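Observations on chain architecture
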Amino acid sequence: MPHADALRPWVLLDLDGTLFDYDRAEADAVERTLRQVGLPAGEDGLARYRRINRAYWSALERGTTSAAQLRTQRWGDLLSELAPDRAGSIDLEALSDGYLRHLAAGNQLLPGAEQAVARLQASHRIAFITNGLADVQRPRLASSALADNGEVLVVSDEVGAAKPAAAIFDAAFAAMGQPHRSQVTMVGDSLSADVAGGRAYGLRTVWVAPPTAPDPATATLRPDHRIETVAQLPELLGC
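An account of the accompanying structure is given in this report. (Residues numbered from 1 in each chain as written. Predicted model: local features only at pLDDT ≥ 70, side-chain atom pairs only at ≥ 80, totals over all residues. Heavy atoms only, no water.)

**Here's the deal with the overall build of the protein**
Stated formally: In DSSP terms, a helix is any run of H or I states spanning at least four residues, a strand is any run of E spanning at least two, and both are numbered starting from the N terminus. Throughout, the radius of gyration refers to the C-alpha atoms, and the reference size of a globule is 2.2 Å times the residue count to the power 0.38. To sort residues, take the accessible area from a 1.4 Å probe on protein chains only and compare it with the maximum for the residue type: under 20% means buried, over 50% means exposed, and anything in between is partly exposed. Working rule for contacts: check all heavy atoms of both residues, and any pair within 4.5 Å makes them a contact. Every accessible area reported is derived by Shrake-Rupley at a probe size of 1.4 Å, with residue values counting cover from the shown protein chains alone. Asp and Glu are treated as the negative residues and Lys and Arg as the positive ones, with His and the ends of the chain left uncounted. For this purpose, a charge sits on NZ of Lys, CZ of Arg, CG of Asp or CD of Glu.
When its secondary structure is counted, the protein shows 10 helices and six strands. On C-alpha atoms alone, the protein measures out to a radius of gyration of 18 Å, which is about the 18 Å that the 2.2 N^0.38 rule sets for 239 residues. Each principal axis of the C-alpha distribution contributes one length, and for the protein these read about 65 × 35 × 35 Å. Among the 239 residues that make up the protein, the fraction classed as buried is 47%. Relative to all contacts within the protein whose residues are 6 or more apart in sequence, the contacts with residues 24 or more apart total 65%. Summed over its atoms, the accessible surface of the protein is roughly 11,100 Å², and 51% of this surface lies on carbon and sulfur atoms. Computed over 23 positive and 30 negative side-chain charges, the separation of the two mean positions in the protein equals 2 Å.

**Observations concerning the environment of R199**
Within the secondary structure, R199 is located in helix 9 (residues 191–200). Sequence-wise, R199 and A166 are 33 residues apart; in three dimensions their C-alpha atoms are separated by 10 Å. Beyond its immediate chain neighbours, meaning those up to four positions away, R199 contacts T205, A219, T220, L221 and R222.

**Some details on the nonpolar core**
The condition is simple: Residues enter a nonpolar core if they are buried and are Ala, Val, Leu, Ile, Met, Phe, Trp, Tyr or Cys, with the set joined through side-chain atoms within 4.5 Å.
V30, L34, W75, Y99 and L103 are the most contacted members of the largest nonpolar core, which has 29 residues in total. Going through the elements one at a time, helix 1 (22–36), helix 2 (42–62), helix 3 (67–82) and helix 4 (92–104) are the ones with two or more residues in this core. With six residues, the top contributor of residues to this core is helix 2. Those residues in contact with W75, other than ones at most four positions away along the chain, are V30, T33, L34, Y49, L92, L95, S96 and Y99. Residues L19, A116, V117 and L233 belong to the second largest nonpolar core, which totals 23 residues.

**With respect to helix 5 (residues 113–121)**
Where we set the bar: For this quantity, the arc is that covered by the directions from the helix axis to the C-beta atoms.
Inspection of helix 5 places A113, A116, V117 and L120 among the buried residues, and these make up the whole buried set. For helix 5, the buried positions fall inside an angular range of 95° around the axis, keeping them on one side. Packed against the buried residues of helix 5 are strand 1 (10–13), strand 2 (125–130) and helix 10 (233–236).

**Notes on unusual backbone geometry**
Negative phi characterises most residues that are not glycine, and trans characterises most peptide bonds. Of the consecutive residues K163 and P164, the connecting peptide bond is found in the cis state with omega at 15°. In this fold, P164 is placed in the loop between helix 7 (156–159) and helix 8 (166–175). Here the phi dihedral of Q178 falls at roughly 60°; this positive angle occurs in a residue that is not glycine. In this structure, Q178 sits in the loop between helix 8 and strand 4 (184–188).

**Regarding the sheet that holds strand 4**
What counts here: Two strands are said to pair when DSSP picks up at least two bridges between them. Lines fitted to the C-alpha atoms define the axes, with helices restricted to the stretch that makes contact. Angles between their N-to-C directions range from 0 to 180 degrees.
The strand order across the open sheet formed by six strands is 3-2-1-4-5-6, and the pairing between neighbours is parallel. Only two strands of the sheet have a single neighbouring strand rather than two, namely strand 3 (152–155) and strand 6 (225–227). Looking at each pair of strands side by side, their axes are set apart by 20° on average, direction ignored. As paired elements, strand 1 and strand 4 share four bridges and run parallel to each other. Note on strand 4: the bridge partner recorded for V11 is T185. Each of strand 4 and strand 5 (204–208) is contacted by helix 9, which is oriented at about 165° to strand 5, the strand it contacts most.

Here's what the structure looks like:
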């Protein structure tokens, strides 16, 4: 007879924007980091950082930059805009390290996330998969209310590949003991990373998106299900 756990389906959960309130953690970390070098963040500084950061993470998803480059170059680009006369004199490694420490402390969950994961755990096995940096994601999860809920945490920084690449899903499935793909549901807020990656890997996909977000235009980005918050996930999965 197979062990009871082997019969339970898996939920593969994204972290940022799905379970964690990343926007709040990011805003606080950017403000603290810029204050370190005597620069006010404000709405303009935060908006500039987010634009630059999104471009680097999109490049990481495409495989055209590395996590090491992302860590420091986004700050070099931001300082070139905010303080071009000082950009060359600021230690980007130290600035990046400070930002990551601040971000790692931002473990606030989105409303209903803790309760949803607890409900899911009663009938499913839980794994977390994130496009992120290990020295941010591991301490954030470890200090959060979800610390004891998941069996697996896979971080793109450690794998050397980011969603939607198959390699990060390969790493997740190896850590999960190679369950059948029909027994795994991928849940996340990113069409390009979570939904596209999950679909390409043959998984059932759930897109977490606000009602104002337009439906995807192409079939490769079309999820099997769409919900507004992760709090709706247990009911969708019959928990």
